[in-house]
Amino acid sequence: MGKKRLITGVVATAEAVRLADVDVISSFPIRPYTGIMSELARMIADGELDAEFVHAEGEHAQLSVVYGASAAGARTFTGSSGVGVTYAMEVYSPISGERLPVQMAIADRTLDPPGDFGSEHTDAEVCRDQGWIQGWAATPQEALDLTLLYYRIGEDPRVLLPQYACQDGYFVSHIAGEVDVPDEAQVKEFLPPYKNKHQLNIYEPQIIGAQIEPDMGPPLQYQRALAMRNAKEVIKEAYDDYNRIFGRNYSPFVEEYMTEDADVVIFLQGAHSQTAIDVARRLRNHGEKVGVVRLRTFRPFPTEEVRDALSKFKVIGVVDNSANFGIAGGGGVLLTEARTALYGEGDKVKTVGFVAGLGGEAITRDEFYRMFAKLKDIAKTGKVEQNAYWVPFEL
Amino acid sequence: MEYDVQKLFEEPGLIQITTWARGVIQNKDARDVVFALANAASKEGKYVQAWENYVDLPDRVNVPVRAYARISPNPIESKYIYENENPDVVVLTEEGLVKGNNVLKGLKPGGVLIVNTKRDPEYILKFLSDTSNLGILGCVDATGVTGYIKTLSGAEGATDASGIGAGVGAVLAGAAAKAKEMVKLENLLGTVKNQDACRYGYENVKLMKVNEVGEVVSIGKIKQNKYDLEGLPFAGTVPSPKKENEGMVTGNWRTERPILTKELCNDCLICWLDCPDATIFKTEDGLIDFDLKYCKGCGICAAVCPTEAVTMVPELDFVD
Ligand code: SF4
Ligand code: SF4
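Cut-offs applied
- By convention here, each chain's residues receive numbers from 1 onward along its written sequence.
- All chains are assigned letters beginning with A, and all ligands numbers beginning with 1, in the order in which they are written.
- The predicted nature of this model means local features are confined to residues of pLDDT at least 70 and side-chain atom pairs, given and counted, to a pLDDT of 80 or more, with totals for whole chains, interfaces and linings taken over all residues.
- Excluding hydrogens and water, the side-chain figures rest on all heavy atoms present in the structure.
- Between 30 and 60 degrees the pair is tilted, below 30 it is stacked and above 60 it is edge-to-face, where a pair is any two Phe, Tyr or Trp rings, Trp via its six-membered ring, whose centres lie within 6.5 Å.
- Cation placement over rings: the criterion is NZ of Lys or CZ of Arg within 6 Å of the ring centroid and within 35° of the ring normal.
- In what follows, a contact means two residues having at least one pair of non-hydrogen atoms within 4.5 Å.
- What makes a salt bridge here is a side-chain nitrogen of Lys or Arg within 4 Å of a carboxyl oxygen of Asp or Glu, nothing more.
- What qualifies as a polar contact is a pair of N or O atoms within 3.5 Å, subject to a donor-acceptor requirement within protein and to the restriction that residues adjacent in sequence count only when both atoms come from side chains.
- Throughout this entry, Asp, Glu, Lys and Arg are counted as charged residues, while Ala, Val, Leu, Ile, Met, Phe, Trp, Tyr, Cys and Pro are counted as nonpolar. The remaining residues, Gly among them, count as polar.
- Strands qualify as paired when DSSP identifies two bridges or more between them.
- Numbering of helices and strands runs from the N terminus, with a helix taken as a DSSP run of H or I at least four residues long and a strand as a DSSP run of E at least two residues long.
- For this description, a residue counts as near a given molecule or strand if any of its non-hydrogen atoms is within 4 Å of it.
- When a residue's accessible area, from a 1.4 Å probe over protein chains only, is under 20% of the maximum for its type it is buried; when over 50% it is exposed; and in between it is partly exposed.
- Throughout, an axis means a line fitted to C-alpha atoms (over the contacting stretch in the case of helices), and angles, computed between N-to-C directions, take values from 0 to 180 degrees.

Provide a residue-level description of the packing of aromatic side chains, including the pertinent values.
Residue and element names in this part refer to chain A. Evaluated as defined, the whole model comprises 14 aromatic pairs over all chains. Through successive ring pairs, a cluster of aromatic residues spans Tyr92, Trp132 and Tyr164. Across from the ring centre of Phe190, 4.8 Å away, lies the NZ or CZ of Arg152, which sits over that ring.

The structure is reproduced here in structure tokens:
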């Protein structure tokens, strides 16, 4: 059995990296994810972890280091935040295209300007279509669990895709909470050693990322699309095993809170779901039929699961913690994707967007209260007057 | 829905012109042939497009490269393609291109081939494999009139500040206009810089009738990509060749062939050291020889040989 400890998301992530017995780590500092790397450096210095630790000259190099190391057969770990995440953008598609299951922790952070350390999902969400598995941890415990789960999912031979294990900067990364740190035997049972499908080998030389002709492009992209499709089954299996071995109770794609008889729900992902659940509970105490649906896996987007979950309600408020200027519907990515998932359900399910918590501002309970009130209004009048509201300016 | 797509997408009157040339040293003249013809046709109110092959390797000296033009009385609908599937006219800026390149591939019945060569059409014909669609073969000694224009101006789709048709390209465009009715000579002359060269090509191209073919409607072949997903390399990885690379056979880059004069060779192996393609080897009787599957004909061996034992001979002097 594991050990209970009071630790932050960054330490919880580092503990998982240690337990996964990672071979190569590449770092470059930027708040708020930096603490993961400090902790890993300490572990290596103290002999708790045996891994190559490469301090890169920037995020682009950071990702390039793990790209090569993963091709050589190493289990790899890297991470970043905010503009660090976007600086490495070029390397994400080659890594997933070469089907190398690199793991990157993103403790998210608003993109500049302002030079603000605060959490926002924007940095990680702009990378959403690069062929990486992606999802958000909402607590330090989940940060640890997500790291282990993602190695298992990404390295599965049916998937072989890299993963962004995301956590809300500061809220998850910097506020210590109680974490059950599993022991090595449990992890061994859950996570088999990494075996690459096309490992670099001096006796059987091969070219990775070769220049190809245009007609070789479609099958390459299709292979990656199929891997993303296959990932859904693998994610289910991995969560089942994880729940069994570590005694957790996670649902792999979508989690529902107090939704049995709800007419209106908030749909969101990440740390702010915890606040939304708290507000819903208090409203429930007054007899309001409100609930929360939380998205746990963002890529592959679980279209069917989201549709099945959301189509039961009258009104859904989709909270986006990201800046998506000029997007269809005027909300955020989650709003557009939730609406896509609901395609075919007609007007019986109404959706409205809330853009909230930008620049690292907390989404307060008062703000969630106002969102629920708006959803109740819509349920009553049957009218969606505005596609999306920027909170707190418009609500 | 069930249509004969070949018929559905017919573009009557569409003329496709393909020029073959040698990388870097002749890119410009290949481009000039197609741009001169397309510009001339545009003056006549026709619809045109012209481009260089995007997939060939334009930055390797001597590698076969292609350029294309399409001329039509109607707006061109199949605009976004990589290659002319069914050329009406094929132009070679250098004679050696007839070897190792399927230059007549997809040729429309009755199509035209124009070659820059001093030799006669009869001799050139020997090197062409399937000539069943070839209507006319034309030979013109363009290099005897003017030279190749060597410039990078206009490469990669940029504006060609050096103008169109100052060299070999003008002669060949003139010859093509003579062999296939597509533009008037006066409009071609109004497009090229070297009008005398262009007129020379028009007037002096030796044309030979190869096959009698009637009226043809222009049809672009419909390309359907089929993939064997299982057989494809995983994630686009390519196994590295250990000895030779069948995917990169360079023998058809050659315009001249190295020939050894045994008596002069002192076996110093300097040529072996300097050959950029490692194509020089020793035969069983101890003499050096050249692997013609990969020899690019760069001439470095001849240049470095201290005894002048290697001579570069035009590739088309050999019928093998
Ligand atoms: S460099 Fe000349 S002399 Fe020396 S081996 Fe080659 S051909 Fe013979
Ligand atoms: S011409 Fe001579 S040096 Fe050049 S590739 Fe051929 S053999 Fe080698």
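So what's going on with the interface of chain B and chain A? Residues and values would help.
If you look at the interface, chain B gives 15 residues, while chain A gives 21 residues. Seen at the junction of chain B and chain A, the total is zero salt bridges. Linking chain B to chain A there are one residue pair in polar contact (both at pLDDT 80 or more). For the side of chain B that touches chain A, the per-class residue count stands at ten nonpolar, four polar and one charged. Looking at chain direction, strand S9 (residues 206-207) of chain A and strand S8 (residues 238-239) of chain B are connected through two bridges and run antiparallel. Looking across to S8(B), one finds that A:Ile207 is bridged to B:Val238.

Let's hear about the site of ligand 2: which residues, and what values?
Around ligand 2, the neighbouring residues are B:Cys275, B:Pro276, B:Thr279, B:Ile280, B:Phe290, B:Cys295, B:Lys296, B:Gly297, B:Cys298, B:Gly299, B:Ile300 and B:Cys301. Considered class by class, the residues forming the shell around ligand 2 number eight nonpolar, three polar and one charged.

Account for the pattern of salt bridges, with residues named and values stated.
Going through the model one piece at a time under the given rule, you end up with 56 salt bridges over all chains. Put simply, A:Asp261 and A:Arg284 hold a salt bridge, and the shortest N to O gap is 2.9 Å. Taken together, the residues A:Asp261 in the loop between strand S10 (254-257) and strand S11 (264-268) and A:Arg284 in helix H10 (residues 272-285) connect sequence positions 23 residues apart. A relative accessible area of 38% places A:Asp261 in the partly exposed class. For A:Arg284, a relative accessible area of 21% puts it in the partly exposed group. Among the salt bridges present, the one from A:Glu337 reaches A:Arg299, with a minimum N-O distance of 2.6 Å. In this pair, A:Glu337 sits in helix H12 (residues 333-341) while A:Arg299 sits in strand S13 (residues 297-299), placing the two residues 38 residues apart along the sequence. Among the ionic contacts, a cluster of salt bridges with common partners joins B:Lys28, B:Arg31, B:Asp32, B:Glu52 and B:Asp160.

Tell me what's going on with the environment of B:Val33, and back it up with residues and numbers.
Residue and element names in this part refer to chain B. Take Val33: it is sitting in helix H2 (residues 27-43). Val33 sits 74 residues away from Leu107 along the chain, and the two C-alpha atoms are 18 Å apart. Setting aside residues up to four positions removed in sequence, Val33 forms contacts with Thr19, Val91, Gly169, Leu172 and Ala173.

Lay out the sheet that holds strand S1 (residues 15-22) of chain B with the relevant residues and their values.
Residues and elements named next belong to chain B. Strand order across the open sheet formed by seven strands is S2-S3-S1-S4-S5-S6-S7, with mixed pairing between neighbours. Every other strand in the sheet has two partners, leaving strand S2 (47-52) and strand S7 (206-209) as the edge strands with one partner each. Within this sheet the neighbouring strands show an average axis-to-axis angle of 15°, counted without direction. Of the strand pairs in this sheet, S1 and strand S4 (residues 89-92) are connected by four bridges, and their pairing is parallel. The partner of Trp20 across the bridge, within S4, is Leu92.

Can you explain the sheet that holds S10(A)? Please cite residues and give values.
All names here are of chain A. The strand order across the open sheet built from six strands is S10-S12-S11-S14-S15-S16, with neighbouring strands paired in mixed fashion. Each of the sheet's edge strands pairs with one partner strand only, and the pair in question is S10 and strand S16 (388-390). Along the sheet, successive strands turn relative to each other by an average axial angle of 20°, direction set aside. Summarising the sheet, strand S15 (residues 350-355) and S16 pair through three bridges and their orientation is parallel. Paired with Val355 across the strands is Trp390, a residue of S16. Sitting on the sheet, H12 touches S11, strand S12 (290-295), strand S14 (315-320), S15 and S16, and the angle it makes with S14 is about 145°. Contacts from helix H13 (residues 365-381) reach S11, S12, S14, S15 and S16, with the element oriented near 130° to S11.

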